[in-house]
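# Breakdown of the fold
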Amino acid sequence: TRADVVIVLGSQNSSNSRRLMELGEARGARSFLIDGIQELPEDALSGTETVLISAGASAPEVVVQECVDTLVNRFGADVESVVVREEHVSFPLPKELRLLTVD
């Protein structure tokens, strides 16, 4: 399903969140990077049928849920959870810290 609007929940200074917004724009969707749903412009969803919500790594789950709840309660949105891509990234401890944790 192609989104008309992309809402990215995350910090303005997060390169990850900014990149998510840029990907939405590159696909032709009106895209917004906001810290919370209260920052979404009043007319942002006019004429919109499909909204994609994404979040940067630092966005708290409660902020994501608040955004979803607002779209459901205010606009009668139907919610569908879609996995676009799963990522399994791990960052090992630096060698110096790994040595400290080994008995």
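### Re the overall build of the protein chain
Along the backbone of the protein chain there are three helices and three strands. In sequence order, the secondary structure elements of the protein chain are arranged as β-α-β-β-α-α. In terms of overall size, the protein chain is more extended than a compact globule, its C-alpha atoms giving a radius of gyration of 17 Å where 103 residues would be expected to give roughly 13 Å. Along the first, second and third principal axes, the C-alpha atoms of the protein chain reach 60 × 30 × 25 Å. Burial statistics for the protein chain: of 103 residues in total, 27% are counted as buried.

### Quick notes on helix α1 (residues 15–26)
For α1, built from twelve residues, the straight-helix expectation of 16 Å at 1.5 Å per residue is met to within 8% by its first-to-last C-alpha distance of 16 Å. The complete set of buried residues in α1 reads Ser17, Met21 and Gly24. The buried side chains of α1 occupy one side of the element, clustering within an arc of 55 degrees when seen end-on. Turned more than 90 degrees away from the buried face of α1 sit Ser15 and Ala26, all of them exposed.

### Focus on the confidence of the model for the protein chain
Considering every residue of the protein chain, the mean pLDDT works out to 88; 94% of them sit at 70 or more. The weakest mean pLDDT in the protein chain belongs to helix α3 (residues 95–101) at 73; the strongest belongs to strand β2 (residues 30–34) at 97.

### A short note on helix α2 (residues 61–75)
Taking 1.5 Å of rise per residue, the 15 residues of α2 would be expected to cover 21 Å, and the 21 Å separating its terminal C-alpha atoms lies within 8% of that figure. Where α2 is concerned, the buried positions are Val63, Val64, Cys67, Val68 and Leu71. Axial view of α2: buried residues confined to an arc of 140 degrees, hence all on one face. Opposite the buried face of α2, at more than 90 degrees from it, the exposed residues are Glu61, Val62 and Asn73.

### What about the environment of arginine 27?
If you trace the backbone, arginine 27 turns up in the loop between α1 and β2. Relative accessible area serves as the criterion here: at 63%, arginine 27 is assigned to the exposed category. When the C-alpha atoms of arginine 27 and alanine 3 are compared, they prove to be 9.0 Å apart, with 24 residues separating the residues in sequence.

### What to know about the nonpolar core
A general tendency of soluble globular proteins is for nonpolar side chains to be buried together. Judged by nonpolar contacts, the single largest core of 14 residues is most densely connected at Ile7, Leu9, Phe32, Ile34 and Leu40. Residue assignment for this core shows that the elements contributing at least two residues are β1 (5–9), β2 and α2. The element contributing the most residues to this core is α2, with four residues.

About the cut-offs
- Residues numbered from 1 in each chain as written.
- Predicted model: local features only at pLDDT ≥ 70, side-chain atom pairs only at ≥ 80, totals over all residues.
- Heavy atoms only, no water.
- Helix = DSSP H or I, 4+ residues; strand = E, 2+ residues; numbered from the N terminus.
- Rg over C-alpha atoms; globule rule 2.2 N^0.38 Å.
- Buried < 20%, exposed > 50% of the residue type's maximum accessible area, 1.4 Å probe, protein only.
- Expected span 1.5 Å × (residues − 1).
- Arc of directions from axis to C-beta.
- pLDDT = per-residue confidence, 0-100.
- Core = buried A, V, L, I, M, F, W, Y, C linked by side-chain atoms within 4.5 Å.

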